[in-house]
Amino acid sequence: MSEEFENERKEGFETFRKLSAPENLVNDTRLFDEKLTEIEIEELFRDIVALKLHSLIDRLQAKNGLNAYTVLCAYAHKMLESQNRLNCVTEVILEAFDTAAASDKLWYNSEQKPPLYGVPFCVKCNFEIPFVFTNTSQGFFSSNNPHSPYGTTRNPWALDCTPGGSSGGEAALVADGGAPFGSGTDLVGSLRISAAFCGLVTLKPTQNRLHVSNDYGYGFYTRNVLDLILLLKLVIGSPEYRELEPKSSPSPLKFVEKTGKYRIGFFDEDGFNSPVPSNRRAVLDTVDQLKKDGHDVVRFEIENIDPKFSPFHVASMLFKDLTSKNDKNSYLNRYKNEPNDTFVERFATISSVNHISCFLAPAIPHNYPSQLSNTVLSTGLFNLLDFPAGIVPVGNVTAEDMADLSDEKIFPINDLLLKKQREACANSEAMPIAVQVVGLPNEEEIVLEVMKIVEGFNENK
């Protein structure tokens, strides 16, 4: 990173601070209420960033409600707080304030505002849009979130842990309340791993149900399933989006009221190694709740699906597809003109080995994902199959989970990877845990319905 660019970057953050500071906004006519005091503006900002996305949209759509400039200032103010703690943002977009003010002039008094009028959002820094760009791993290709030019992003639940990757900066900012929603892509689990690590909701759609040119598995981060559905309904199958992306499916999301219960298969082993106890419990507790709710839930073993495609064979296919000719040097050569992060080099070394194990753990310290980077079959499998797959939080790691992790009878250690998993999760108490919900291609509606059911179990605890 050049000195000139770094100075410009710092100036951008400082300008954001000045523009969004409550003390500088007293009597500012661009706020929806210019008569607020500094303390009242601070309270308003806290209330705004605490809103769920659908509630924020309702407030923006209402007559004499919130306006775009006020909401942008609230999130810019919170984003700077998140950035200081988490190092999740790479750059700010100064034009966002002018855009917000212009949007208010055009739409604030309108009877037909655009559906996302006034909603600021973030994107990881391989996209070109909104009010900030967020940090991502080098090459956008790692379940950790190292990024040599900008430093390493921290998890809002525990600063010594990774938020996942490659969309970790995005997930960290949304989870910390610094953006109402975020977006990213999912080559082998970028969206889903980061969502699970940060306690967020996401869905990797079928590739062409939400097509993005030159990218894979585009989706959103939200704090609940209802907000995720709201965003997907605005994009999937919409004529406006298909003008931008003609290859995207013309079929909009359509939810049909189901009269009966679902038949749901589940597994808590992927054929390689055992998940840590907290994550196995997440699956089994969810299964018990689904059964109590009347659903037909059936266990199946992945290795028994087709003898011609063992989990090891599928894993080999996955990693040969990801790493050019399965060669460490070919991966590192892509970034030979950039400073290589040590985590990235370790990732390239391990991912060139022809074995893999299930990445089933809560968020872990930054130095471990690169040692366990061959553990993404549980997410990457559904990229290979092009199945829609979503993540929904179901609780947190408990003290009992930690005791089970150390118990050889419950979590026996018989190889190096399991030992590394135990080490990595040694201090994971209270971290969020999640389950993955998967459906057949183009059946996103069913996946989202089941995600709503699972989320409801957790809300009712």
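Residues numbered from 1 in each chain as written. Predicted model: local features only at pLDDT ≥ 70, side-chain atom pairs only at ≥ 80, totals over all residues. Heavy atoms only, no water.

The name an unreviewed UniProt entry gives the protein is Amidase domain-containing protein, with Caenorhabditis japonica as the organism.

Novice: I would appreciate a short explanation of the overall build of the protein in the present structure.
Specialist: If you tally the helices and strands in the protein, you get 17 helices and ten strands. Per-residue burial for the protein yields a buried fraction of 56% across its 461 residues. Here the analysis covers contacts within the protein between residues at least 6 apart in sequence; of these, 72% occur between residues at least 24 apart. In the structure as shown, the protein presents an accessible area of about 20,600 Å², 51% of it carried by carbon and sulfur atoms. (Helix = DSSP H or I, 4+ residues; strand = E, 2+ residues; numbered from the N terminus. Buried < 20%, exposed > 50% of the residue type's maximum accessible area, 1.4 Å probe, protein only. Contact = heavy atoms within 4.5 Å. Areas by Shrake-Rupley, 256 points an atom, 1.4 Å probe, with all protein chains shown as cover.)

Novice: How do you make sense of the confidence of the model for the protein when you look at a structure like this?
Specialist: The predicted structure's coordinates, where accompanied by low pLDDT, should not be read in detail. Overall, the predicted model of the protein reaches an average pLDDT of 86, with 86% of residues at or above 70. Across residues 346-359, confidence stays below pLDDT 50; counting only partners more than four residues off in sequence or on other chains, it has 58 contacts. (pLDDT = per-residue confidence, 0-100.)

Novice: Help me out: how do you make sense of the nonpolar core in this one?
Specialist: Note on soluble globular proteins: their nonpolar side chains tend to be buried together. With 114 residues, the main nonpolar core has Phe16, Met79, Phe131, Val132, Phe220, Leu232 and Met451 as its most contacted residues. Per-element tally for this core: the top contributor is helix H4 (residues 68-86), with eleven residues. (Core = buried A, V, L, I, M, F, W, Y, C linked by side-chain atoms within 4.5 Å.)

Novice: What is the right way to look at the packing of helix H10 (residues 277-292) against helix H17 (residues 444-459) in this model?
Specialist: Two measures define how a pair of helices packs: the angle their axes make with one another and the distance between the axes. Where H10 contacts H17, the two axes come as close as 11 Å, and the packing angle between them is 100 degrees. Here H10 lies roughly perpendicular to H17, going by the angle between them. Note on element contacts: H17 touches H10 through Ile453, Val454 and Phe457, opposite Thr286, Gln289 and Leu290. Its residues assigned to classes, the contact of H10 with H17 comprises four nonpolar, two polar and no charged. (Axes fitted to C-alpha atoms, helices over the stretch in contact; angles between N-to-C directions. Parallel < 35°, antiparallel > 145°, perpendicular 65-115°, else oblique. Nonpolar A, V, L, I, M, F, W, Y, C, P; charged D, E, K, R; others polar.)

Novice: Which parts of the structure should I look at to understand the packing of aromatic side chains?
Specialist: The description of an aromatic ring pair rests on the distance of the ring centres and on the angle between the ring planes. Tallying each qualifying case throughout the model produces eight aromatic pairs. Their ring planes at 10 degrees and their centres at 5.0 Å tell us that phenylalanine 121 and phenylalanine 181 sit as a pair that is stacked. A residue pair is termed long-range when its members are at least 10 positions apart, and phenylalanine 121 in the loop between helix H5 (95-107) and strand E2 (122-124) and phenylalanine 181 in the loop between helix H6 (168-175) and strand E4 (182-184) qualify at 60 residues. Judged by relative accessible area, phenylalanine 181 falls into the buried class, the value being 3%. Summarising the aromatic geometry, the rings of phenylalanine 181 and phenylalanine 220 are spaced 6.0 Å apart at their centres and angled 75 degrees between planes, so their arrangement reads as edge-to-face. With phenylalanine 181 in the loop between H6 and E4 and phenylalanine 220 in strand E6 (residues 219-222), the pair connects residues that are 39 residues apart, well separated along the chain. We classify phenylalanine 220 as buried; its relative accessible area is 6%. For the cation-ring pair, lysine 258 lies above tyrosine 262, with the distance from its terminal atom to the ring centre recorded as 4.7 Å. When the ring centre of phenylalanine 255 is taken as origin, the NZ or CZ atom of lysine 452, which lies over that ring, is 6.0 Å away. (Phe/Tyr/Trp six-rings, centres within 6.5 Å; stacked < 30°, edge-to-face > 60°. Lys NZ or Arg CZ within 6 Å of the ring centre and 35° of its normal.)

Novice: How should the environment of leucine 417 be read in this particular structure?
Specialist: Residue position: leucine 417 is located in helix H16 (residues 416-424). Put simply, leucine 417 and serine 274 are 143 residues apart on the chain and 9.9 Å apart in space, counted from C-alpha to C-alpha.

Novice: Is there a simple way to explain the environment of valine 201 in this structure?
Specialist: Tracing the sequence through the fold places valine 201 in strand E5 (residues 201-204). Looking at valine 201, the relative accessible area reads 1%, which means it is buried. Taking the C-alpha atoms as reference points, valine 201 and leucine 226, separated by 25 residues in sequence, lie 9.7 Å from one another. With near-sequence residues (within four places) excluded, valine 201 lies in contact with Phe220, Tyr221, Thr222, Arg223, Asn224, Val225, Leu228, Ile391, Pro393, Met451 and Glu455.

Novice: Before we go on, may I ask you to explain the side chain of asparagine 279 in this structure?
Specialist: Relative to the elements of secondary structure, asparagine 279 occurs in helix H10. Of the residues examined, asparagine 279 reaches a relative accessible area of 10% and is grouped as buried. Discounting residues that sit within four places of it in the chain, asparagine 279 has contacts with Leu360, Ala361, Pro362 and Ile433.

Novice: What should I look at first to understand the pattern of salt bridges in this one?
Specialist: If charged atoms from side chains of opposite charge come close, those side chains can pair. This structure, assessed with the given rule, holds 18 salt bridges. Here arginine 299 ties to aspartate 268 by a salt bridge, and the two come within 2.7 Å at their closest N and O atoms. Taken together, the residues span a long stretch of sequence, with arginine 299 in strand E8 (residues 296-299) and aspartate 268 in the loop between strand E7 (263-266) and H10 at a distance of 31 residues. Assessed through its relative accessible area of 42%, arginine 299 is described here as partly exposed. Taking the shortest distance from any N to any O, the salt bridge between lysine 452 and glutamate 449 comes out at 3.5 Å. Of this pair, lysine 452 and glutamate 449 are both found in helix H17, three residues apart, which corresponds to roughly one turn of the helix. The structure contains a network of salt bridges with shared partners spanning Asp268, Glu269, Arg280 and Arg299. (Salt bridge = Lys/Arg side-chain N within 4 Å of Asp/Glu carboxyl O.)

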